[in-house]
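The residues making up each chain are set out below.
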Amino acid sequence: EEGAELKLKKPFEKPLEDEDVIYACQKDEDCISVGSGCCGCSAGGTATAINKNYQDYWSNKFLNICTRVLCTAVMSNHWTCFAQPKCVENKCQLIS
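Residues numbered from 1 in each chain as written. Predicted model: local features only at pLDDT ≥ 70, side-chain atom pairs only at ≥ 80, totals over all residues. Heavy atoms only, no water.

A. Layout of the environment of Cys41. Here Cys41 shows up in the loop between strand 1 (31-35) and strand 2 (47-51). Placed 33 residues apart in sequence, Cys41 and Val74 show a C-alpha to C-alpha distance of 8.3 Å. Residues in contact with Cys41, not counting those within four places in the same chain, are Thr46, Ala47, Val74, Met75, Ser76 and Cys81. (Helix = DSSP H or I, 4+ residues; strand = E, 2+ residues; numbered from the N terminus. Contact = heavy atoms within 4.5 Å.)

Structure, rendered in structure tokens:
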């Protein structure tokens, strides 16, 4: 569409005071698997588990950091890419 602008999510202006809250959980359903940095599993990277309520925060956190990072176009074989997110002792973790 002509004249369409690319709209990026705006990064959070204020970082969380305690980022440990991103990993907090009560049950397995609270946790999701996300890319652990600029390059996720579909780009040669790794994964981590976080609370699903912080998925947007996590994505936006890397928005500015990753603007100039080039990732490989290859699926990662790292174990975290195949692990399941679980709530273990009130912390989201990946379990193989």
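B. Seen up close, the packing of aromatic side chains. Within the structure shown, the criterion is met by two aromatic pairs. With a centroid separation of 5.2 Å and an interplanar angle of 70°, the aromatic rings of Trp58 and Phe62 are classed as edge-to-face. For the pair formed by Trp58 and Phe62, the shared burial category is buried. An aromatic cluster of at least three residues, connected via ring pairs, comprises Tyr23, Trp58 and Phe62. A cation sits over an aromatic face here: Lys91 above Tyr23, 5.9 Å from the ring centre. (Phe/Tyr/Trp six-rings, centres within 6.5 Å; stacked < 30°, edge-to-face > 60°. Buried < 20%, exposed > 50% of the residue type's maximum accessible area, 1.4 Å probe, protein only. Lys NZ or Arg CZ within 6 Å of the ring centre and 35° of its normal.)

C. Quick peek at the layout of surface pockets. Counted as a void, the largest pocket has a volume near 170 Å³. Lining the largest pocket are Val34, Gly35, Gly37, Cys38, Trp58, Ser59, Phe62, Leu63, Cys66 and Thr67. At the level of elements, strand 1 and helix 1 (55-61) are the ones that each hand at least two residues to the lining of the largest pocket. Looking at the lining of the largest pocket residue by residue, the classes come out as six nonpolar, four polar and no charged. (1 Å grid on protein atoms, 1.4 Å probe; cavity = no way out; pocket = protein on both sides within 12 Å on 5 of 7 lines; lining within 4 Å. Points joined across faces, edges and corners; volume = space filled by probe spheres on them. Nonpolar A, V, L, I, M, F, W, Y, C, P; charged D, E, K, R; others polar.)

D. Quick peek at the environment of Asn90. On the secondary structure map, Asn90 appears in the loop between strand 3 (84-88) and strand 4 (91-95). Residue class for Asn90 comes out partly exposed when judged on its relative accessible area of 46%. Along the backbone, Asn90 and Asp30 are 60 residues apart, and their C-alpha atoms lie at a distance of 9.9 Å. Discounting residues that sit within four places of it in the chain, Asn90 has contacts with Tyr23, Ala24, Cys25 and Gln26.

E. Seen up close, the state of the cysteines. In total, this model carries five disulfides according to the counting rule given. Note that Cys31 is cross-linked by a disulfide to Cys92, the S-S spacing being 2.1 Å. As the torsion about the S-S bond is roughly -85°, the Cys31-Cys92 disulfide counts as left-handed. Within this pair, whereas Cys31 is found in strand 1, its partner Cys92 is found in strand 4, the two being separated by 61 residues in sequence. Note on accessibility: Cys31 and Cys92 belong to one class, buried. (Disulfide = S-S within 2.5 Å.)

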